[in-house]
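Next come the chains, spelled out residue by residue.
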Amino acid sequence: MEVQITDQNFESYKNGELPMVIDFWATWCGPCRMIAPYIEELAKEYDGKVVIGKCDVEENDDLVGKYGIRTIPTMLFFKNGEVVDKFVGAATKAKLQEKIEALLK
């Protein structure tokens, strides 16, 4: 299951042992709601391999500012605590899976 990433718990996930994917979203965002089922499915499929989380941009100003999130959905891909990839906009499940697989290499 995907985790809720907040300003308060972000560092612990970022510095964890597993790579991490964060979906920056908002409840009013149509494309965000469109990819939400993909995020949920991928979180289950990659459980124990990758932390997949969602960050509500309306509630987490520090993270939004720190990573310059201006458009949603935006997905950031972290490995060893660093951003290694970014994807902006809606995507197919296959495209997101391709990005996650690249993160695991």
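Calculation rules
Residues numbered from 1 in each chain as written. Predicted model: local features only at pLDDT ≥ 70, side-chain atom pairs only at ≥ 80, totals over all residues. Heavy atoms only, no water. Helix = DSSP H or I, 4+ residues; strand = E, 2+ residues; numbered from the N terminus. Buried < 20%, exposed > 50% of the residue type's maximum accessible area, 1.4 Å probe, protein only. Axes fitted to C-alpha atoms, helices over the stretch in contact; angles between N-to-C directions. Parallel < 35°, antiparallel > 145°, perpendicular 65-115°, else oblique. Left-handed = near helix turned anticlockwise from the far one by under 90°. Contact = heavy atoms within 4.5 Å. Nonpolar A, V, L, I, M, F, W, Y, C, P; charged D, E, K, R; others polar. Patch = residues over 30% accessible without salt bridge, like charges linked within 9 Å, V, L, I, M, F, W, Y side chains within 5 Å. Areas by Shrake-Rupley, 256 points an atom, 1.4 Å probe, with all protein chains shown as cover. Salt bridge = Lys/Arg side-chain N within 4 Å of Asp/Glu carboxyl O. Lys, Arg positive; Asp, Glu negative; His and termini not counted. Charge placed at Lys NZ, Arg CZ, Asp CG, Glu CD. Arc of directions from axis to C-beta. Phe/Tyr/Trp six-rings, centres within 6.5 Å; stacked < 30°, edge-to-face > 60°.

Turning next to the overall build of the protein chain. A tally of helices and strands in the protein chain yields four helices and five strands. In the protein chain, the succession of α and β elements from N to C terminus is β-α-β-α-β-α-β-β-α. Across its three principal axes, the protein chain shows a C-alpha extent of roughly 30 × 30 × 20 Å. When burial is assessed residue by residue, the protein chain has 46% of its 105 residues classed as buried.

Next up on the list: the packing of helix 2 (residues 30–45) against helix 4 (residues 93–103). As a packed pair, helix 2 and helix 4 sit with axes 10 Å apart at the nearest point and diverge in direction by 40°. On the basis of the axis angle, helix 2 is oblique to helix 4. Where helix 2 crosses over helix 4, the handedness of that crossing is right-handed. Contacts between helix 2 and helix 4 involve Tyr38, Ile39, Glu41, Leu42 and Glu45 from the former and Lys93, Leu96, Gln97 and Ile100 from the latter. By residue class, the composition of the contact of helix 2 with helix 4 is five nonpolar, one polar and three charged.

Taken together, the side chains of Glu58, Glu59, Asp61 and Asp62 define an acidic patch exposed on the protein surface. By the element assignment, Glu58 lies in the loop between strand 3 (51–56) and helix 3 (61–66).

With that out of the way, let us pick up helix 4. Within the span of helix 4, buried status applies to Leu96, Lys99, Ile100 and Leu103. Projected onto a plane normal to the axis of helix 4, the buried residues spread over an arc of 100° and lie on a single side. Those residues of helix 4 that are buried are in contact with strand 2 (20–25), helix 2, strand 3, strand 4 (74–79) and strand 5 (82–88).

Let us look at the packing of aromatic side chains. Counted according to the given criterion, the structure contains three aromatic pairs. Considering the side-chain rings of Phe10 and Phe78, the 5.7 Å spacing of their centres and the 70° angle between planes classify their relative orientation as edge-to-face. Taken together, the positions of Phe10 in helix 1 (residues 10–14) and Phe78 in strand 4 put the pair 68 residues apart, joining distant regions of the chain. Of the two residues, Phe10 and Phe78, both sit in the buried class.

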